[in-house]
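Descriptive analysis of the structure
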Amino acid sequence: MRCIGETGSCDCCLSMLNDIIIGYDFEIDANDNVIVTFAGERCGNVATPFFQYVYTNGSGENEERVKRLGAERFIDYKKENYADVLANVDHVLDTLGDRELPNEFKVLKNGGSLVSLRGFPNGRFAKRSDMSLPKRILCQMAGRKYDKMTAKKDQTYDFLFVYEDGRQLENIGKAFDKDHPLEASVDEIFRLNQINEAMTKVKCGKSKGKTIVIMEKQE
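Residues numbered from 1 in each chain as written. Predicted model: local features only at pLDDT ≥ 70, side-chain atom pairs only at ≥ 80, totals over all residues. Heavy atoms only, no water.

Secondary structure summary: the protein contains nine helices and eight strands in total. In the protein, buried positions account for 44% of the 219 residues. Partitioning the intrachain contacts of the protein with sequence separation of at least 6 by distance along the chain shows that 51% fall at a separation of at least 24. Of the roughly 12,800 Å² that the protein leaves accessible, carbon and sulfur atoms contribute 49%. (Helix = DSSP H or I, 4+ residues; strand = E, 2+ residues; numbered from the N terminus. Buried < 20%, exposed > 50% of the residue type's maximum accessible area, 1.4 Å probe, protein only. Contact = heavy atoms within 4.5 Å. Areas by Shrake-Rupley, 256 points an atom, 1.4 Å probe, with all protein chains shown as cover.)

Below you can see the structure in the form of structure tokens.
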């Protein structure tokens, strides 16, 4: 992992890979709208250079930060259910998994696509990954419930396994120009001798960004 700046934007890499893989592998147009569920706590922090209209929900304390990163609309989940106020969304990036999928399919338009980071693989994933026939059958069985949900409105469901891809990472430099500067979402920085404090903080949750541990050179 390569840091950008002294403290680095270490938080960007996996989130960025999520967004690039979705945008390029699934041929999503930049003018489409997308909801990234709980982006403030999980991922999607760098989605805005790839998607013009980004909606998300989460804790109200994250609203200012997420909007500063470029989200078009932020929904405080304690005040509103996004499933009651959004409709006909082009794409959904699911970060919550099985329990939230019914709501996500509800706001998704006819013919829309849902990409999940937390659900189960399905037949489409197995085919895209060029798996053997036995593995394809297993994936079809695992994702059958989700495929049934999509059939009602001619939607698509895809499971996303994040992987390293040099070609996609090269696109980062093109996406983050002077009009879309990269802003790292860092909550707190610790020294290596504070590693126990850092681990305790991460375990407690409720972070407003990533926790960074600086690896200092030994004298």
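Next, the rest of the story.
So, about the nonpolar core. Core analysis: the biggest nonpolar cluster contains 17 residues, and Ile35, Leu86, Val107, Leu114 and Tyr157 have the highest contact counts within it. Of all the elements in the fold, those that place two or more residues in this core are helix 3 (82–85), strand 4 (89–94), helix 4 (101–107), strand 5 (108–116) and strand 6 (156–159). In terms of residues, this core owes the most to one element, helix 4, which gives three residues. Counting six residues, the second largest nonpolar core, distinct from the first, contains Val36, Leu93, Val115 and Leu160. (Core = buried A, V, L, I, M, F, W, Y, C linked by side-chain atoms within 4.5 Å.)

This next bit is on the packing of aromatic side chains. A complete count under the given rule lists four aromatic pairs for this structure. Measuring from ring centre to ring centre gives 6.4 Å for Phe120 and Tyr146, while their planes differ by 20°; the resulting arrangement is stacked. Note that Phe120 is positioned in the loop between strand 5 and helix 5 (123–128) and Tyr146 in helix 7 (residues 144–151), a separation of 26 residues in sequence. Taking relative accessible area as the criterion, Phe120 reaches 47% and is therefore assigned partly exposed. The exposure class of Tyr146 is buried, given its relative accessible area of 1%. Considering the side-chain rings of Tyr146 and Tyr157, the 4.7 Å spacing of their centres and the 45° angle between planes classify their relative orientation as tilted. Remark: Tyr157 occurs in strand 6 and Tyr146 occurs in helix 7; sequence separation between them is 11 residues. (Phe/Tyr/Trp six-rings, centres within 6.5 Å; stacked < 30°, edge-to-face > 60°.)

Right, let's get into the side chain of Glu104. Residue position: Glu104 is located in helix 4. Here Glu104 occupies a buried position and makes no salt bridge, while the nearest side chain of opposite charge, Arg99, is found at 8.7 Å. If sequence neighbours within four positions are ignored, Glu104 has contacts with Thr37, Tyr82, Val92, Asp94 and Leu114. (Lys, Arg positive; Asp, Glu negative; His and termini not counted. Salt bridge = Lys/Arg side-chain N within 4 Å of Asp/Glu carboxyl O.)

Turning our attention to the pairing of strand 2 (residues 53–58). If a strand is regular, its side chains alternate between the two faces of the sheet. Burial within strand 2 is extensive, with five of its six residues counted as buried. Sheet topology places strand 1 (residues 33–36) next to strand 2; four bridges connect them, and they run parallel. From the neighbouring strand, Ile35 faces strand 2, where its bridge partner is Tyr55. Taken together, strand 2, helix 2 (residues 63–68) and strand 3 (residues 73–76) constitute a β-α-β crossover, and its handedness is right-handed. (Pairing = 2+ DSSP bridges. Right-handed = clockwise from strand over helix to strand, strands pointing away.)

Interpretation note: all reported values are geometric properties and have no functional meaning in isolation.
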